[in-house]
Amino acid sequence: MDQSGYLDLLARLAEPGERVLAHAQAEVGGGLTPAPPPDETVAPTPSRVTVSSVLLNVLAPLATWDRGDRLVDLIGWGIAGRGAPGSAASRLHRAVNPARPDGKVRHTLLAVTDRRLLVCVTGPVKLLSSREDDERALAETRVVWAAPRAEVASARVGWHRLNPKRLKVTFTDGSWLAFTVPIAESGRPLRAIAAALTG
């Protein structure tokens, strides 16, 4: 989907009188992310990392081997966020990466307004989509998380391993989460998000 097509959509999702300053399509960076928020309906399950679970992750990266996932993420990608369960980064990560039993892919859209940081998720997208598919996904876009700009302590774009386009958003509670775009895409939208949040 074209980044320029998002501006009108975001203006409709903003509150009355709220002005969109910057936007970018980005995904949460690869690597270890903050612990999920406490959820009373799901009891935590203890897991331990074993050599065999790590090897299974390396040998079959598309499969899911729960016990080794976090160690492989750390080795392969590094850290994509930190924060205690229930922190701003924890809640943001859960909002853009909920458990999706349908397995459908959705795009994440960041927007900075004169009041808030908005995080939106599109409807399901297809790998080879038609114009109608793209319009349908845009029509289903909704705000899944928002925070007043005062809750953002800093935002900067910098290098991370091989990707020079990584936006790190740090919140006033000390938690943070990173967003990236593919290496082939421009990092200008992420730099615009950082500038709008810190300006």
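Parameters at a glance
Residues numbered from 1 in each chain as written. Predicted model: local features only at pLDDT ≥ 70, side-chain atom pairs only at ≥ 80, totals over all residues. Heavy atoms only, no water. Buried < 20%, exposed > 50% of the residue type's maximum accessible area, 1.4 Å probe, protein only. Helix = DSSP H or I, 4+ residues; strand = E, 2+ residues; numbered from the N terminus. Pairing = 2+ DSSP bridges. Core = buried A, V, L, I, M, F, W, Y, C linked by side-chain atoms within 4.5 Å. Contact = heavy atoms within 4.5 Å. Salt bridge = Lys/Arg side-chain N within 4 Å of Asp/Glu carboxyl O. Arc of directions from axis to C-beta. Axes fitted to C-alpha atoms, helices over the stretch in contact; angles between N-to-C directions.

Caption draft 1: Main features of the pairing of strand S1 (residues 20-25). Among the six residues of S1, five are classified as buried, and the element is accordingly described as predominantly covered. Both S1 and strand S4 (residues 108-113) contribute to a ladder of five bridges, which runs antiparallel. Each bridged residue has a counterpart across the sheet, and for Ala22 the counterpart in S4 is Val112.

Caption draft 2: Spatial organisation of the nonpolar core. Formed by 29 residues in total, the largest nonpolar core has its most connected members in Trp145, Leu167 and Phe171. Beyond its immediate chain neighbours, meaning those up to four positions away, Phe171 contacts Ala88, Ala89, Leu92, Leu117, Trp145, Glu151, Val152, Ala153 and Trp176.

Caption draft 3: Summary view of the pattern of salt bridges. Using the criterion set out here, one finds five salt bridges in the structure. Here Glu15 ties to Arg116 by a salt bridge, and the two come within 3.7 Å at their closest N and O atoms. Of this pair, Glu15 sits in the loop between helix H1 (6-13) and S1 while Arg116 sits in strand S5 (residues 116-121), and the two are 101 residues apart along the sequence. Since its relative accessible area comes to 17%, Arg116 is described here as buried. In this structure, Asp133 and Arg136 form a salt bridge, with 3.0 Å as the shortest nitrogen-oxygen distance. You can see Asp133 and its partner Arg136 sitting in helix H5 (residues 131-139), three residues apart, about one turn around the helix. The class for Asp133 is buried, based on a relative accessible area of 13%. Relative accessible area serves as the criterion here: at 45%, Arg136 is assigned to the partly exposed category. Salt bridges here are not isolated pairs; linked through shared partners, they connect Glu15, Glu18, Arg115 and Arg116.

Caption draft 4: Broad picture of the pairing of S4. The buried count for S4 comes to six of six residues, which makes it a mostly enclosed element. The two faces of S4 match: Thr108, Leu110 and Val112 on one face and Leu109, Ala111 and Thr113 on the other face are all buried. Relative to S5, S4 runs antiparallel, the two sharing five bridges. Each bridged residue has a counterpart across the sheet, and for Val112 the counterpart in S5 is Leu117. Connecting S4 to the antiparallel partner S5 that follows it, the hairpin turn spans two residues.

Caption draft 5: Broad picture of helix H6 (residues 188-198). For H6, the full list of buried residues reads Pro189, Leu190, Ile193, Ala194, Ala196 and Leu197. Seen from one end, H6 has its buried residues packed into an arc of 165°, which puts them on one side.

Caption draft 6: Representation of the environment of Gly29. Tracing the sequence through the fold places Gly29 in the loop between strand S2 (27-28) and helix H2 (51-59). Residues Gly29 and Gly81, 52 residues apart in the sequence, show an inter-C-alpha distance of 8.3 Å.

Caption draft 7: Geometry of the sheet that holds S1. Strand order in this open sheet of four strands is S1-S4-S5-S6, and the pairing throughout is antiparallel. Strand pairing shows two members of the sheet lacking a second neighbour, S1 and strand S6 (142-148), which therefore form its edges. When the angles between neighbouring strand axes are averaged without regard to direction, this sheet yields 20°. H6 rests against S1, S4 and S5 of the sheet, and its axis sits at about 145° to S1.

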